[in-house]
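# Observations on the three-dimensional arrangement
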Amino acid sequence: MNIGRIARTWGLGSVAVALLATSVPALAQDNGEEMRIRRLEQEVKALQRKVFPGADGRYFEPEISATPSTGTTTVPTNSTTAVTDILARLDALEAQLQRQTAQNEENANTLRVLGERIAVLEAGGVKPAVATNTAPATETIVSPSNNAVNTNVDKMTGNAPPAKPATGPSAERLAAVQAIAKPQTDDAGDDEYSYGFRLWNAGFFPEAAQQLTMFVEKYPKHSRISYGRNLLGRAYLNDGKAREAAPWFLKNYQSDKQGARAGDSLLYLAEAMIQLKDTKRACIALAEFSETYPALATGRLASDYAARRDKVKCG
């Protein structure tokens, strides 16, 4: 730029020429600082779009303040030059950019930690234990009106009390159990049932229940299955565990009402309900027994049926 020519054209004096000459670098400096401000403002806005997502899925840009927040150096308000104002704006933008960057890094770290915790929880989840000696929770009790099932067995038996810690059998008991011989015939299933019966008959009810559980699970189609499920329930009942016995009696009755011991199981189900002080369901089972098995009620199981009817008052 030819300052002398401009001065002559406009008729400026030497003093004006000197002022014009000194203001040109200042203007160039102002333009450079202004570009720097715009660049910083664009960076701040881009970072804010990452840190402050809008609730509707879009992004909003918080208003950029030209004044630093508490904790940063405050620019004096009595500045009078354009350069001072520019420097103040630059300081505010740089401070805000630093805060936004720190917040973005903190959010990213928090998400990473949460992701790691979720991965650990999913990898170390506890699987529910599977019961091996009780009937499914969906077993139901019978209704005397139509021989249909209508009441959930878990409602019938209630929630089982916490199991007591096992102490293990004594050496004498182990020796007595081992003294009972297991049959060895061509029918492995019958041998397993017969061994369970021998344990039960000898009064080793927990061992009999364990043996008979193995039998009913391993040989569900065996000809002795009705005997096995019924005797398994009786082993629990004789051991004072009416709550564990009831599902097996119910399962044996429902699985095959014409089974060899289905009627027995229905009658023993009534006994289990009596021991659990559930008179209503005991009466239901007794009514169902007399209706479904009238020959047993007046024949082979007549005395057992009468004894249980004497224990409860049914309407």
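None of these values were measured; they are calculated from a predicted model.

### What to know about the packing of aromatic side chains
Applying the stated criterion to the full structure yields 8 aromatic pairs. Relative to Tyr293, the ring of Tyr253 lies with its centre 6.3 Å away and its plane at 75 degrees, an arrangement referred to as edge-to-face. One end of the pair, Tyr253, is in helix α9 (residues 242-255); the other, Tyr293, is in the loop between α11 (279-292) and α12 (294-298), with 40 residues separating them in the sequence. In this structure Tyr253 comes out as buried when scored by relative accessible area, which is 1%. Exposure remark for Tyr293: the relative accessible area of 10% places this residue in the buried category. One aromatic cluster in this structure is built from Tyr193, Phe215, Tyr219 and Tyr227. Taking the ring centre of Tyr227 as reference, the NZ or CZ of Arg224 above it sits at 5.3 Å.

### What about unusual backbone geometry?
Only a minority of non-glycine residues have a phi that is not negative, and only a minority of peptide bonds are not trans. A positive phi angle, near 60 degrees, is found at Lys277, a position not held by glycine. By the secondary structure assignment, Lys277 is in the loop between α10 (262-275) and α11. The exposure class assigned to Lys277 is exposed, which follows from its relative accessible area of 75%.

### Brief notes about the nonpolar core
Within the largest apolar cluster, 45 residues are counted, with the highest numbers of intra-cluster contacts made by Leu199, Leu232, Leu237, Leu266, Leu269, Phe289 and Tyr293. Here the element with the most residues in this core is α10; it accounts for 9 residues. Ignoring sequence-local partners within four residues, the contact set of Leu237 consists of Ala242, Ala245, Phe249, Tyr268, Glu271, Ala272 and Gln275.

### Some remarks on the pattern of salt bridges
Within this structure, the stated rule accounts for 8 salt bridges. In this structure, the salt-bridge partner of Glu207 is Arg173, at a minimum N-O distance of 2.7 Å. Of the two residues, Glu207 is situated in helix α7 (residues 205-218) and Arg173 in helix α5 (residues 171-178); the sequence distance between them amounts to 34 residues. Residue Glu207 is classed as buried on the basis of its relative accessible area of 16%. Notably, a salt bridge pairs Arg281 with Asp278, separated by 3.1 Å at the nearest N-O pair. Within the structure, one salt-bridge network assembled from shared partners comprises Glu271, Arg308 and Lys311.

Scoring rules and cut-offs
Residues numbered from 1 in each chain as written. Predicted model: local features only at pLDDT ≥ 70, side-chain atom pairs only at ≥ 80, totals over all residues. Heavy atoms only, no water. Phe/Tyr/Trp six-rings, centres within 6.5 Å; stacked < 30°, edge-to-face > 60°. Helix = DSSP H or I, 4+ residues; strand = E, 2+ residues; numbered from the N terminus. Buried < 20%, exposed > 50% of the residue type's maximum accessible area, 1.4 Å probe, protein only. Lys NZ or Arg CZ within 6 Å of the ring centre and 35° of its normal. Core = buried A, V, L, I, M, F, W, Y, C linked by side-chain atoms within 4.5 Å. Contact = heavy atoms within 4.5 Å. Salt bridge = Lys/Arg side-chain N within 4 Å of Asp/Glu carboxyl O.

Read these as geometric descriptors, not functional statements.
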